[in-house]
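Chain by chain, the residues run as shown.
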Amino acid sequence: MIEVINLNKVYKNGAVALEGINFKVEDGEFVFIVGSSGSGKSTLLKAMLKEVNVTKGIIIINGKDINKLKKGKIPYFRREIGIVFQDFRLLPNKTVAENVAFAMEVVGAKKSEIRKRVPQVLAMVGLQNKRKAYPNQLSGGEQQRVALARAIINKPQYLLADEPTGNLDPNNAMGIMSLLEDINGTGTTVIVASHAKEIVDVMDKRVIALENGRIVKDSKGGYNYNV
């Protein structure tokens, strides 16, 4: 479970990014975090990844108050979480298979396990025939599928996606969302930051809406929170 309690983030210049944020995400949930640019979506995800230090408040993930984690423990904590970015962040000089395998290599997985797991995950995201291709030989949708495969290769309990469809056309965007829903169906908790109203409405999941760093909606029923 993820629990966020009275979370606040104020930057050094005085800008308030998050204020009084409270919510729980149960294991196995699929949740959208929505809001316009500057509403606090990315800051919230970064706080949950321990990439930014919060000004006040508590974030409990899997029973740990991550704000109390020592610096040396943070990389191990992040192994429990898969992350997907809008800009893919693939290694240009590695093939699709090598990009995905790299995520297992950095956590010290055995070569035999890597050889077994990589084809399974590439098949899951529909890229088994692209395993030898390089990122510049792929479409945007295919690159995002590689990024998704890399994020789930180590079987994380939680998957965070920051605007994963922001650079994709509508068809590819819905394809990525369908994959995220499939991954959620295996038991992985999925949290997606998005401003794509049409996608959020079609998916019909729980929505946490942010406005000026505060939660203005937390319920199921689409993107619109001005009702």
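Look up: the structure comes first, before these words.
Residues numbered from 1 in each chain as written. Predicted model: local features only at pLDDT ≥ 70, side-chain atom pairs only at ≥ 80, totals over all residues. Heavy atoms only, no water.

## As for the sheet that holds strand 4 (residues 56-61)
For step 1, the next point in the chain: Spatially, 4 strands are ordered 2-1-4-5 in an open sheet, and the strand pairing comes out antiparallel. Lying at the two open borders of the sheet, with one neighbouring strand each, are strand 2 (16-25) and strand 5 (64-65).
For step 2, the next point in the chain: Pairing geometry for strand 1 (residues 2-10) and strand 4, over 5 bridges, is antiparallel. In the sheet register, Ile5 faces strand 4, and the bridge partner there is Ile58. (Pairing = 2+ DSSP bridges. Helix = DSSP H or I, 4+ residues; strand = E, 2+ residues; numbered from the N terminus.)

## Considering unusual backbone geometry
For step 1, the next point in the chain: Not every positive phi belongs to a glycine, and Arg89 is a case in point at roughly 55 degrees.
For step 2, the next point in the chain: Looking at where Arg89 falls in the secondary structure, it is placed in the loop between strand 6 (81-84) and helix 3 (96-105).
For step 3, the next point in the chain: Take Arg89: its relative accessible area is 48%, and that puts it in the partly exposed class.
For step 4, the next point in the chain: One non-glycine residue, Lys155, lies in the positive phi region at around 50 degrees.
For step 5, the next point in the chain: Position of Lys155 among the secondary structure elements: in the loop between helix 5 (140-152) and strand 7 (158-162). (Buried < 20%, exposed > 50% of the residue type's maximum accessible area, 1.4 Å probe, protein only.)

## Remarks on the pairing of strand 2
For step 1, the next point in the chain: Direction of pairing for strand 1 relative to strand 2: antiparallel, over a ladder of 6 bridges. Bridge assignment links Val10 to a residue of strand 2, and that residue is Val16.
For step 2, the next point in the chain: Where strand 1 folds back onto strand 2 in an antiparallel hairpin, the turn is made up of 5 residues, including Gly14, whose phi is positive at roughly 95 degrees.

## Notes on the nonpolar core
Soluble globular proteins tend to bury their nonpolar side chains together.
For step 1, the next point in the chain: Phe32, Leu159, Leu180 and Val192 are the most contacted members of the largest nonpolar core, which has 43 residues in total.
For step 2, the next point in the chain: What Val192 contacts, discounting residues up to four positions off in sequence, is Phe30, Val31, Phe32, Ile33, Ala161, Pro164, Met177 and Leu180. (Core = buried A, V, L, I, M, F, W, Y, C linked by side-chain atoms within 4.5 Å. Contact = heavy atoms within 4.5 Å.)

## Regarding the pairing of strand 8 (residues 189-194)
For step 1, the next point in the chain: Most of strand 8 sits out of view: 6 of its 6 residues are buried.
For step 2, the next point in the chain: The alternating pattern of strand 8 places Thr189, Ile191 and Ala193 and Val190, Val192 and Ser194 on opposite faces, both of which are buried.
For step 3, the next point in the chain: Sheet analysis places strand 3 (residues 30-34) next to strand 8, joined by 5 bridges and oriented parallel. Bridge pairing in strand 8 links Val31 to Ile191.
For step 4, the next point in the chain: As judged from the 5 bridges shared by strand 7 and strand 8, these two strands associate in the parallel manner. Looking at strand 8, one finds that Asp162 is bridged to Ala193.
For step 5, the next point in the chain: You can see the chain leave strand 7, run along helix 6 (residues 170-185) and come back into strand 8, and the turn it takes is right-handed. (Right-handed = clockwise from strand over helix to strand, strands pointing away.)

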